Amino acid sequence: MINQLSWKVGGQQGEGIDSAGETLATVLNRQGYFLFGYRHFSSRIKGGHSNTKIRISTAPTSSISDDLDILVAFDQETIDLNAYELIDGGVILADAKFNPTVPEGIKAHLIAVPLTKIAEEVGMAQMKNMVAVGASVALLGISVESFREVLTDRFAKKGQQVIDKNMDAITRGIEFVKTEISNLSIQDFTLAPSDGKKRLYMIGNDAIAFGAVAGGARLMAAYPITPSSEIMEYLIRRLPEFGGTVVQTEDEIAAITMTIGANYGGVRTLTASAGPGLSLMTEAIGLAGMTEQPCVIIDTQRGGPSTGLPTKQEQSDILAMLYSTHGEIPKIVIAPSSVEECFYDTIEAFNLAEEYQCPVIIVTDLALSLGKQTVEPLDYSKIEIRRGKLVTDEEELPELENSELFPRYGFSEDGISRRVLPGKKHGLHHVTGVEHNETGRPFEGAVNRKKMMDKRLSKLNNLSFPNPIHADTRHEDADILIVGVNSTYGTIQEAMSRLEADGLKVNHAHVRQLMPFPTNLLKEQMEKAKKVIVVENNATGQLTSLIKMNVGMAEKLVHVGKYDGNPFLPMEIYKECKELLVHGNV
Amino acid sequence: MATFKEFRNKVKPNWCPGCGDFTVLASMQRAFANLGKEPEEVAIVSGIGCSGRIAGYVNSYGFHGVHGRSLPIAQGLKLANRDLTVVASGGDGDGFAIGMGHTVHAIRRNVDITYIVMDNQIYGLTKGQTSPRSEMGFKTKSTPNGSIEAAISPMEMALTVGAGFVAQTVSSDLKGMTAIIEAGIKHKGFSLINVYSPCVTYNKINTYDWFKQNLTSLDEIEGYDPSNRGQAMQTLMEHSGLVTGIIYQNTERPSYEELIKGYKEEPLVKQDINLTEEQFDRLISEFA
Ligand SMILES: Cc1ncc(C[n+]2csc(CCOP(=O)(O)OP(=O)(O)O)c2C)c(N)n1
Ligand code: SF4
Ligand SMILES: [Mg+2]
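Residues numbered from 1 in each chain as written. Chains lettered and ligands numbered in written order. Predicted model: local features only at pLDDT ≥ 70, side-chain atom pairs only at ≥ 80, totals over all residues. Heavy atoms only, no water.

As recorded in an unreviewed UniProt entry, chain B goes by the name 2-oxoacid:ferredoxin oxidoreductase subunit beta, listed as coming from Shimazuella alba.

Looking at an unreviewed UniProt entry, chain A carries the name 2-oxoacid:acceptor oxidoreductase subunit alpha, with the source organism given as Shimazuella alba.

In structure tokens, the structure reads:
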């Protein structure tokens, strides 16, 4: 029996790959195993190689693995592209229909399973993915009965017959492979028992969307784009129960300005996009900053520039997100590093946006937004809604006489003014993106201008956000500090434990608050290390530059980039660090 | 009930003397008063341009945003608080050049707001460049040899993309304009009102006199029926778009708000945003 393994299913997009992975993973998650997934897909609907890789473990895991134990292949291309990942003695379960072969030099067992044929016998060729699930289950040693509940949940609407047929397909897959392997001497892939605890299984985008509902968002305005669309799709399903809705706008400029308008109206509203959409939003983000409107923007990073690699992993929007708006505004940028954090950080983003009356960007990357992982149950009691200096009680407002206006931009010690929503008799004020006075009237006077700039820019001086960095820094005199952001958290942790096993002293700091930059916290950690390795999915070292600019210590910084569209593997980080220690005169 | 004077504030408009936008301002204030609105019930969202300053000249809530984006801001505001009377406004460049995409889609979407375009066929604020409303051959600073692009016909365009309320008026007609703005606000759904609002400084062709000579009031066309879309289109074509009055109104088309699933009569902004534990558990079960 084994405690962890990696499983992958691949084929042409549209062949039911997602659904095969989903079915198997849901069953395993419900049984208490820990899962971590990554979807490799192309920017087209039908055709094009696509695969889902899932790591299955009896202990918490937050990274994909370097290698692969079981590969399920619907075509030869899947074998040719992925077999190199297989461990020696790994297994390929391939559809007999295409006469699969194993590439030279690969020491894996090939089991040709008549996936399509069995599926046709059961009733439908499309069900070959369920036969493939069955074939895998035969190796993993879990019971077929555990699938009934999941299939019932999924196909309840389609009727008992569909459920039975799918069960049949799985059973026949199991039977076929069981007979085959009884004659082969292959390694034992039977999973050790799990702890049986109930946990959730979700992608980052699910957590953000659910977090938005929990955080009081009732409107969303967005334009579809990979890898953010799941957020709007979830909310359009769920918001009507709460009186709200999603508007699919004509473009991202409309999405962000509608978001600003709705927040001005007093409803917590968000928009979500990826790099191309964020680029279109920049002028309006400045408007939100200038007019002190709260608004929450989600940026799910993908491969750029331009249309770039729309379905691939990258972390290359960092500097654009922080600095692309013209002029100077207060802005908060938060980078969750796990699905769980996506949930709590989104709720917090709505609070911060209202407390500080400024735009808040939640940034993720494709691997975090779309990677499905096991999540500990989310905690209702941690949900908190704080609306800052919003005046909710009209009685509080002094009467306005003689067409006076409410000082919506009144100066105050912390730079934050009282905020009134349209509709209040004694709250009348003006809002403009032009420089203005305390009531919002356009006013270009030099003294006022400076005061207003200082007021807006000082608002974040007292910002308190929980854990601006995650610091796993056990050594006071580390050989290296690895710094990362977003989805690389688990991968760095895994590389780190291998380096530690080699006798190296390694610390890890993961940046969660990109703006304002947690300079002092990071500096403290950097001082404890001889070298600082910044691991990021981009070519030019954007996080590295940010650290250089804010913290300094340029001589210690080393940028380790990956920008081929794929997430880092633990082995890659391990190797880079080793190399640096050998050749880098640490 | 507020009088039109209560919709005035103390800010002196920075428009040139004689600018058509003054009458638009006065008509808006009268229309709000005639409809029995209070200043706090009205929000004006405007774009950037000479015309865009109008939001700051009405004693009501006002949002002066960025160039070309008054419509999405206004729609967001209306969806947040459906009790507000939301009026978007701006210039012809704002609505038919940089913001044209939003204009077309706001018409399609049909959120219950009113859009007033102050159409002077030129860019006023940036000191006299051509606009998509400038006629072919129109000479400006940016078209010294005359415009070589066709002018857009906003009223015909609005009809083709499914507008439920299309009207046009002119700044010299305070009474007529006031009545049209009232009708536009009362209309359930999106209403587009194009106002010929002469720029006395940069447009020496399309002057008050020019409009007097060239505009035809729909009142003068016998048997004109604003519920007849075909007739509306034909009339616009026959008059090169130079008509005033309510060109088309469809009282049957439901507004966006009426079609949103689960959208309540009570404004969204007034609803409780806290999830109950029962709701939380129900939502989370999807991910188990
Ligand atoms: C994104 C952007 N581009 C350009 C400008 C400059 N600009 C301000 S108003 C304007 C056009 C004004 O014309 P119109 O909308 O017809 O308004 P008018 O001044 O004629 O009332 C332009 C080009 C701007 N403010 N923002
Ligand atoms: S430049 Fe033209 S549009 Fe602008 S205020 Fe003067 S007259 Fe009016
Ligand atoms: Mg103009």
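More follows now that the structure is in view.
### A look at the site of ligand 2
In the vicinity of ligand 2, the residues found are Trp 15, Cys 16, Cys 19, Cys 50, Asn 120, Cys 199, Val 200, Thr 201 and Tyr 202 of chain B. Considered class by class, the residues forming the shell around ligand 2 number 7 nonpolar, 2 polar and no charged. (Near = heavy atom within 4 Å. Nonpolar A, V, L, I, M, F, W, Y, C, P; charged D, E, K, R; others polar.)

### A short note on the domain arrangement of chain A
All names here are of chain A. What the domain assignment reports for chain A is domain 1 (4–198), domain 2 (203–382) and domain 3 (469–582). Using C-alpha coordinates to define each centre, domain 1 is positioned 35 Å away from domain 3. At the interface, 8 residues of domain 1 touch 11 residues of domain 3. Both sides together, the interface formed by domain 1 and domain 3 hides about 710 Å², and carbon and sulfur atoms give 46% of it. Inspection of the domain 1/domain 3 interface yields 2 salt bridges. Here Asp 66 makes a salt bridge to Arg 498, at a shortest N to O gap of 2.7 Å. Here domain 1 and domain 3 share 4 residue pairs in polar contact (both at pLDDT 80 or more) between them. Split by residue class, the side of domain 1 that touches domain 3 holds 2 nonpolar, 4 polar and 2 charged. (Domains from an automatic or database assignment. Contact = heavy atoms within 4.5 Å. Buried area = accessible area lost by both parts, 1.4 Å probe. Salt bridge = Lys/Arg side-chain N within 4 Å of Asp/Glu carboxyl O. Polar contact = N/O pair within 3.5 Å; in protein donor to acceptor, adjacent residues only side chain to side chain.)

### Comments concerning the interface of chain A and chain B
With 70 residues of chain A at the interface, the matching set in chain B holds 55 residues. Interface area, chain A with chain B, both sides summed: about 5200 Å², of which 64% is carbon and sulfur. A per-residue breakdown of the area chain A buries against chain B is headed by Glu 250, Tyr 380 and Leu 428 of chain A, which together make up 13% of the total. Run the count over chain A and chain B and you get 4 salt bridges. Linking Arg 109 of chain B and Glu 250 of chain A is a salt bridge whose minimum nitrogen-to-oxygen distance equals 2.6 Å. For the pair chain A and chain B, the number of links is 19 residue pairs in polar contact (both at pLDDT 80 or more). Among the secondary structure elements, those contributing two or more residues to the side of chain A that touches chain B are α1 (17–30), β7 (200–203), α7 (204–214), α8 (229–238), β9 (245–248), α9 (252–264), α10 (275–291) and β15 (430–432) of chain A. The greatest single-element share of the side of chain A that touches chain B, amounting to 8 residues, is contributed by α9 of chain A. (Helix = DSSP H or I, 4+ residues; strand = E, 2+ residues; numbered from the N terminus.)

### A short note on the coordination of the magnesium ion (ligand 3)
Residues and elements named next belong to chain B. Looking at the magnesium ion (ligand 3), the protein donor atoms are Asp 92 (OD), Asn 120 (OD1) and Ile 122 (O), and they sit 2.0 to 2.2 Å from it. Of note, the magnesium ion (ligand 3) draws all its donor residues from one chain, in the sequence arrangement D-x27-N-x1-I. You'll find Asn 120 and Ile 122 in the same group, each marked buried. (Donors = N, O, S within 2.8 Å, 3.2 Å for Na, K, Ca; no water. Buried < 20%, exposed > 50% of the residue type's maximum accessible area, 1.4 Å probe, protein only.)

### Thoughts on the pairing of strand β8 (residues 243–249) of chain B
Regular strands place their side chains on alternate faces of the sheet. All names here are of chain B. Burial of β8 is extensive: 5 of the 7 residues sit out of reach of the surface. In this sheet, β8 lies alongside strand β5 (residues 165–170) in antiparallel orientation, the contact comprising 4 bridges. Opposite Val 166, over in β8, you have Tyr 248 as the bridge partner. Strand direction decides the pairing type here: strand β7 (residues 216–217) and β8, joined by 2 bridges, are parallel. Residue pairing across strands places Thr 216 opposite Val 243, the latter belonging to β8. Once you follow β7 into helix α8 (residues 229–238) and on to β8, the crossover reads as right-handed. (Pairing = 2+ DSSP bridges. Right-handed = clockwise from strand over helix to strand, strands pointing away.)

### Some details on the UniProt feature "domain: Thiamine pyrophosphate enzyme TPP-binding" (unreviewed entry) in chain B
Under the UniProt annotation, "domain: Thiamine pyrophosphate enzyme TPP-binding" (unreviewed entry) lies at residues 49–195 of chain B. Helix makes up 33% of residues 49–195 of chain B and strand makes up 19%, while its end C-alpha atoms are separated by 15 Å. (UniProt positions renumbered as here; feature names shortened; annotations may be inferred.)

### Concerning the UniProt feature "domain: Pyruvate/ketoisovalerate oxidoreductase catalytic" (unreviewed entry) in chain A
Mapped onto this numbering, the UniProt entry annotates "domain: Pyruvate/ketoisovalerate oxidoreductase catalytic" (unreviewed entry) at residues 14–175 of chain A. Measuring from the first to the last C-alpha atom of residues 14–175 of chain A gives 26 Å, for a span that is 42% helix and 23% strand.

### Concerning the sheet that holds strand β17 (residues 478–485) of chain A
Residue and element names in this part refer to chain A. Reading across the sheet, the 5 strands line up as β16-β18-β17-β20-β21 and stay open at both edges, with mixed pairing between neighbours. Edge strands, defined here as strands with exactly one partner in the open sheet, are β16 (469–472) and β21 (557–561). On average, each strand axis in the sheet is tilted by 20 degrees relative to the strand beside it, whichever way the strands run. Note: β17 against strand β20 (residues 529–536), 5 bridges, orientation parallel. (Axes fitted to C-alpha atoms, helices over the stretch in contact; angles between N-to-C directions.)

### A few points about the sheet that holds β7 of chain B
Read across the sheet, 9 strands follow the order β15(A)-β2(B)-β1(B)-β3(B)-β4(B)-β6(B)-β5(B)-β8(B)-β7(B) without closing on themselves; strand pairing throughout is mixed. Bordering the open sheet on either side are β15 of chain A together with β7 of chain B, each of which pairs with just one other strand. The pairing of strand β3 (residues 85–91) of chain B with strand β4 (residues 114–119) of chain B spans 5 bridges and is parallel. The residue of β4 of chain B that forms the bridge with Ala 88 of chain B is Tyr 115 of chain B. Across the sheet, helix α1 (residues 21–34) of chain B touches β1 (42–46), β3, β4 and β6 (191–196) of chain B, and the angle it forms with β4 of chain B is around 160 degrees.

### Quick look at the packing of aromatic side chains
Applying the stated criterion across every chain yields a total of 14 aromatic pairs over all chains. Where Tyr 196 of chain B meets Phe 211 of chain B, the ring centres are 4.6 Å apart and the plane angle is 35 degrees; that geometry is what we call tilted. Of this pair, Tyr 196 of chain B sits in strand β6 while Phe 211 of chain B sits in helix α7 (residues 208–214), and the two are 15 residues apart along the sequence. Following the ring pairs from residue to residue traces out a cluster consisting of Phe 210, Tyr 234, Phe 343, Tyr 344 and Tyr 380 of chain A together with Phe 280 and Phe 287 of chain B. Of note, Lys 128 of chain A hangs over the ring of Phe 74 of chain A, and the distance from its end group to the ring centre comes to 5.0 Å. We note Lys 451 of chain A situated over the ring of Phe 411 of chain A; from NZ or CZ to the ring centre the distance is 4.3 Å. (Phe/Tyr/Trp six-rings, centres within 6.5 Å; stacked < 30°, edge-to-face > 60°. Lys NZ or Arg CZ within 6 Å of the ring centre and 35° of its normal.)

### Quick word on the pattern of salt bridges
With the rule as written, the count across this model stands at 45 salt bridges over all chains. The partner of Glu 494 of chain A in a salt bridge is Arg 55 of chain A, and the shortest N-O contact between them spans 2.8 Å. You can see Glu 494 of chain A sitting in helix α15 (residues 489–501) and its partner Arg 55 of chain A sitting in strand β3 (residues 49–57), a full 439 residues away along the chain. The exposure class assigned to Glu 494 of chain A is buried, which follows from its relative accessible area of 16%. On the basis of relative accessible area, Arg 55 of chain A is assigned to the buried category, the value being 7%. For Asp 414 of chain A, the salt bridge identified is with Lys 389 of chain A, shortest N-O distance 2.9 Å. Within this pair, whereas Asp 414 of chain A is found in the loop between β14 (372–375) and β15, its partner Lys 389 of chain A is found in the loop between β14 and β15, the two being separated by 25 residues in sequence. Linked through salt bridges whose partners overlap, the residues forming this network are Arg 237, Arg 238 and Glu 241 of chain A together with Glu 278, Arg 282 and Glu 286 of chain B.

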